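Given next are the chains, with one letter for each unit.
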Amino acid sequence: MRAPLTVIHARTLTLDDALPEVQAVLVGGGRVLAVGSADELRAQAPRAEVLDHRDLLLTPGLCDAHIHLVMYGASLGEVNLAGARSVAEVQAKVAQRTVTTPTGTWIRGGGFLLSELGLGDYPTAALLDEVSPHHPVILYSRDHHMTWVNSAALRAAGITDATADPEGGKIVHPLGCLLEGASDLVVAQLPSPTEAEWLAHAKAGADDLTSRGFVSAHTMAYEEPGAPRAVQTLAARGELPLRVWACLPHQRLEHARELGLALAPGGLFQWGGVKFFADGALGSRTAWLHAPGFADGSGTGIPLDPPELIVERGRQAIDLGLTPVTHAIGDRANTEVLDAYDQLRPAAEARGIRLRIEHAQHLRPQDIPRFRGLTASVQPIHLQADAPMIRTLLPHLEAGSYAFKSLQDAGAILALGSDAPVAPPDVRATFAAATTRLDDGGRRLTPGETISDLDVLRAYTRGPALAAGWNDEGIIRPGARAAFTLWDRLGATAQALVL
Ligand SMILES: [Zn+2]
């Protein structure tokens, strides 16, 4: 049992302009009570327990502002293809998994990128059949906008050369890859996790984040209902180590009231956003683009939720006190969402809700000032693999890609995330990507868009808090949640400290 009062003695960056750096923080009842010098605070609370971290740096606690928390937890037990550099490497990893998996049981994996596999075209089912003829296999691309499956998986889903493309998706021929909604044909065949498995996945994801120094997370929709329910259950049982702000898919908005929008009994889970998808992604060439589109001639991408729908349901979301949250990668998708948000702004401002765009990845210069007052939820770590693709597929949009500095200067609130399991929630790599903009090939993507360590810290703590409407987080001042990150130095090794 902790003493009722604690003094943390550490070099402290508060992110409070009134008092940016202090020596110590007094904490009690899960809240910051005072900040100041160590002597002052010890005099104020002589019986407090003292945590001596004088050799460390204390900051507001990290928040991953875009993660699929339960999917990420599940992915920790799947075939990990992140960084795979050839089809042979994928085959070897799948082959290895077949040895320990009962015949007929699904093998799942993810994290590959066509460009990193050295592929100019979509891979076929036959390549996976070579190593897994008896286990159905489904592998997600790193951006989760396509899957690569084998023949056993296609058979299970009843997909043949004659199957028509489903709405919002595309079946690639020769068979093997499914784009966007077409993946659902196979995903629908996967056995649903049991309640115990959902809970285990949620706990694994949350524990992993905590071990990396995070104290909160924004978990995006795009998961089955069992996923957020598991997080809610953990919160209610007092077993959730993080504060979680969750998004509901817009399709379930009608049920929002029944879901209990208020804080769960544990107090750490909150429904906060309603999620829309304006388009696909870069690597799958499904991002929605203005002309001229992809430089390889593969078109202008795939629009998903129509802007009129975003306006209509966005308005309903705001009425319920929920934040519209829209995925937009391509320049056209961003323009369309900004247009839709122009119509939602008055209602959102009246409710104190900050409209939010996820990724905001490739922007026309004229759209950047339109982000003023919005949340730009961005994932610096993705630029490491995307930069080479941007140079070949979107050379005309290079200047407005991952334009963190310009967005910040335009008055957007930056909120950093990983989009795990798309990329690992790697704090060090996120700092490095945002402050150096070095890609995997050692080249810099538009170095003028570099932001400072302190900007990164703010966008990784206070930015997400403001996006979620959590005025008591991401800052160290009296009344704030006592949730911190301790560092050996900023952007290096981080550990969570929640009192
Ligand atoms: Zn995502």
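Cut-offs used in this document
- Residues numbered from 1 in each chain as written.
- Predicted model: local features only at pLDDT ≥ 70, side-chain atom pairs only at ≥ 80, totals over all residues.
- Core = buried A, V, L, I, M, F, W, Y, C linked by C-beta atoms within 7 Å.
- Buried ≥ 20, exposed ≤ 12 C-beta atoms within 10 Å, placed from the backbone.
- Helix = DSSP H or I, 4+ residues; strand = E, 2+ residues; numbered from the N terminus.
- Domains from an automatic or database assignment.
- Contact = placed C-beta atoms within 7 Å.
- Nonpolar A, V, L, I, M, F, W, Y, C, P; charged D, E, K, R; others polar.

Take the nonpolar core next. With 128 residues, the main nonpolar core has Val 231, Val 244 and Leu 414 as its most contacted residues. Considering each element in turn, this core owes the most residues, six residues, to helix H10 (residues 331–350). Shared between two domains, this core takes at least three residues from each, and those domains are domain 1 (1–60 + 475–499) and domain 3 (194–473). Counting 31 residues, the second-largest nonpolar core is a separate cluster that includes Val 90, Leu 128, Val 137 and Leu 179.

Looking now at the domain arrangement of the protein chain. Along its sequence, the protein chain is organised into domain 1 (1–60 + 475–499), domain 2 (78–187) and domain 3 (194–473). At the interface, 17 residues of domain 1 touch 17 residues of domain 3. Contributions of two or more residues to the side of domain 1 that touches domain 3 are made by strand S4 (49–60), strand S19 (483–487) and strand S20 (494–498). In terms of residue class, the side of domain 1 that touches domain 3 is built from 11 nonpolar, five polar and one charged.

Okay, unusual backbone geometry next. The omega angle of the peptide bond from Ala 291 to Pro 292 is 10°, so this bond is cis rather than trans. By the element assignment, Pro 292 lies in the loop between strand S14 (269–277) and helix H9 (307–319). The peptide bond linking Ala 420 to Pro 421 adopts the cis configuration, its omega dihedral lying at 10°. By the secondary structure assignment, Pro 421 is in the loop between strand S18 (413–416) and helix H13 (427–436). With a phi angle near 85°, His 359 is a residue other than glycine that sits in the positive phi range. Taking the C-beta count within 10 Å as the criterion, His 359 has 27 such neighbours and is therefore assigned buried. The phi angle at Ala 360 is positive, at roughly 40°, despite the residue not being glycine.

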